Amino acid sequence: MVEFNISLEIWRCIKEFKIDVLLSSLGYILELWESFSIFVLVKMKMNMKSFFVGLAATLIGVQLGACSGEKEPVQAIEREYVIVVHGGAGAIAGLENDSVKAAQYYAALDSALVIGDAILADGGEGTEAVKAVIRYFEGNPLFNAGVGATCTIDGAFELDAAIMEGKDLSAGSVAGVKYIKHPIDAAYAVKTQTEHVMLAGEGADQFAKAHGLEMVEDNQYFATPKTMKWIEQLKKESKKNGTVGCVVLDKHGNLTAGTSTGGRFKKQWGRVGDAPVIGAGTYADNEGCAVSCTGHGEYYIRHVVAYNLSTRVKMLNQPIAEAADEIIFGELNADAGNGGLIAVDKKGNIAMPFNSGGMHRGYLYKEKGKETVTKSVGIGKTMKMIQE
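Residues numbered from 1 in each chain as written. Predicted model: local features only at pLDDT ≥ 70, side-chain atom pairs only at ≥ 80, totals over all residues. Heavy atoms only, no water.

Q: Lay out the packing of helix α13 (residues 305–315) against helix α14 (residues 320–331) with the relevant residues and their values.
A: Interhelical geometry of α13 versus α14 gives an angle of 140° and a closest axis separation of 9 Å. Once α13 is placed against α14, the crossing between them reads as right-handed. Side by side, α13 and α14 meet where V305, N308, L309, R312 and V313 of the first sit next to I320, A323, A324, E326, I327 and E331 of the second. Counted by class, the contact of α13 with α14 contains seven nonpolar, one polar and three charged residues. (Axes fitted to C-alpha atoms, helices over the stretch in contact; angles between N-to-C directions. Helix = DSSP H or I, 4+ residues; strand = E, 2+ residues; numbered from the N terminus. Left-handed = near helix turned anticlockwise from the far one by under 90°. Contact = heavy atoms within 4.5 Å. Nonpolar A, V, L, I, M, F, W, Y, C, P; charged D, E, K, R; others polar.)

Okay, here's the thing in structure tokens:
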């Protein structure tokens, strides 16, 4: 005798499932019924209720699986706000074994998280948190953004940045700027004060100056003793080809993503990577996720990595960590697409995969009803929990 054992979990999912989809499924069942042999039902000794419930559960199986609780951590649904940051990826696996240098990066990542936390905890919008965090990175010579950026083949500095809001898909970016102290501010100004999405080169610098943004007189302002050494030699390859980024889920349920970079070391004049390209290195959609990438930009552009991930989450209902892994380790790899990404979805689930030796990264989130936050930073495979 064939029996359908419908669990309480399935009944819960059916009751919570969108009524229009459920009715559509039942309507399809009725259409099939006319051509379905009653003889089969009799032989199988199934009552009508079991048949309809079983077939309905089969037809909406994908949706039932999504609410089964196995792929969606319960705690993520209760997260009040989330912030994830990265400071670039590359051949840095051994860095965590250098206690002094590692401590500097851990402290910098922690500082970035604290800056974002102060804004989000007070109910601030994601855009404000992302801008503040990236401004901090752009002013820290440890990272390849703003001060400390890598130089072009002719020894100059050309910077890129982008920011995007998931609630309305508004975005702004700048590419190849030379005199804007904080490119992320210029990207935000493009988003909020123009009808455009991207401004590049001299025009972007002129735009920023006209709108009263903080400028520098000398392009060499972005140089540090280390980058000056690169400029003088230009023979020794740099491992500092990273980027900085920040993705946020704020208390209002909105997602925001931002990215800033100095690009690849010894890049050709005018080269633009993935960071300022919306959909490649930066993307946010409240129905998908917020993403910031770091790595060999040409590959991230070809694979439209940030949009790719958000669409998998939005359209396929794929868990964000699973989708991110498939892209970073499947579509890309250490030879063709070396790097990583950070991402957060509307429920507060995060992903931080990388196929390179390491990735400077960290996350912070606050669960509803709790006074403290959970915070962790990492360079190599191991994450380091930070106690408040």
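Q: Describe in detail empty space enclosed by the protein, supporting the description with residues and values.
A: Counted under the stated rule, the structure contains one cavity of 30 Å³ or more. For the largest cavity, the calculated volume is near 80 Å³. Looking at the largest cavity, it is lined by 15 residues, and the ones nearest its centre are T243, T261, R271, D274 and G295. (1 Å grid on protein atoms, 1.4 Å probe; cavity = no way out; pocket = protein on both sides within 12 Å on 5 of 7 lines; lining within 4 Å. Points joined across faces, edges and corners; volume = space filled by probe spheres on them.)

Q: Give a detailed account of helix α7 (residues 99–121), specifying residues and quantitative values.
A: Counted at 1.5 Å a residue, the expected span for α7 with its 23 residues is 33 Å, and the 31 Å between its end C-alpha atoms agrees. Of all the residues in α7, the buried ones are A102, Y105, Y106, A108, L109, A112, L113, G116, D117 and L120. On its buried face, α7 sits against β1 (79–90), α8 (126–138), β5 (244–249), β11 (358–367), β12 (373–378) and β13 (383–385). One or two residues past the end of α7 sits G123, with phi positive at roughly 85°. (Expected span 1.5 Å × (residues − 1). Buried < 20%, exposed > 50% of the residue type's maximum accessible area, 1.4 Å probe, protein only.)

Q: Break down the packing of aromatic side chains for me, citing the residues and quoting the values.
A: If you walk through the whole model with that rule in mind, you get five aromatic pairs. A centroid spacing of 4.9 Å and a plane angle of 75° characterise the contact between F137 and F143, whose relative ring orientation is edge-to-face. As far as the burial class goes, F137 and F143 line up, both buried. In textbook terms, an aromatic cluster arises when at least three aromatic residues are bridged by ring pairs, as seen for Y105, Y136, F137 and F143. A cation sits over an aromatic face here: R79 above Y365, 3.7 Å from the ring centre. Over the ring of Y188 we find K131, and its NZ or CZ is 3.7 Å from the ring centre. (Phe/Tyr/Trp six-rings, centres within 6.5 Å; stacked < 30°, edge-to-face > 60°. Lys NZ or Arg CZ within 6 Å of the ring centre and 35° of its normal.)

Q: How would you summarise the nonpolar core if you had to cite specific residues and measurements?
A: I83, V85, F137 and C246 are the most contacted members of the largest nonpolar core, which totals 49 residues. Take this core: its biggest share by element is eight residues, from α7. Among residues more than four places away in sequence, those in contact with F137 are V85, H86, L109, A112, F143, A145, V244 and G245. Residues L249, Y283, A324 and A351 belong to the second largest nonpolar core, which totals 36 residues. (Core = buried A, V, L, I, M, F, W, Y, C linked by side-chain atoms within 4.5 Å.)

Q: Outline unusual backbone geometry, listing residues and values.
A: Phi at L169 is positive, roughly 60°, even though this residue is not glycine. By secondary structure assignment, the location of L169 is in the loop between β2 (159–165) and β3 (171–177).

Q: Go over helix α10 (residues 201–210), please, and point to the residues and values.
A: Looking only at α10, the buried set comprises A204, D205, F207 and A208. Viewed along the axis of α10, the buried residues span an arc of 160°, placing them on a single side of the element. Facing away from the buried side of α10 by more than 90 degrees, the exposed set consists of E202, K209 and A210. Tucked into the core, α10 has its buried residues touching β3, α9 (183–193) and β4 (198–200). (Arc of directions from axis to C-beta.)

Q: Go over the pairing of strand β6 (residues 255–261), please, and point to the residues and values.
A: Counting buried residues in β6 gives seven out of seven residues, a clear majority hidden from the surface. Where β2 lies against β6, six bridges are found, and the strand directions are antiparallel. Each bridged residue has a counterpart across the sheet, and for D160 the counterpart in β6 is T261. Direction of pairing for β5 relative to β6: antiparallel, over a ladder of six bridges. Bridged to L249 within β6 is L255. The hairpin turn running from β5 into β6, its antiparallel successor, is five residues long, and G253 in that turn takes a positive phi close to 85°. (Pairing = 2+ DSSP bridges.)

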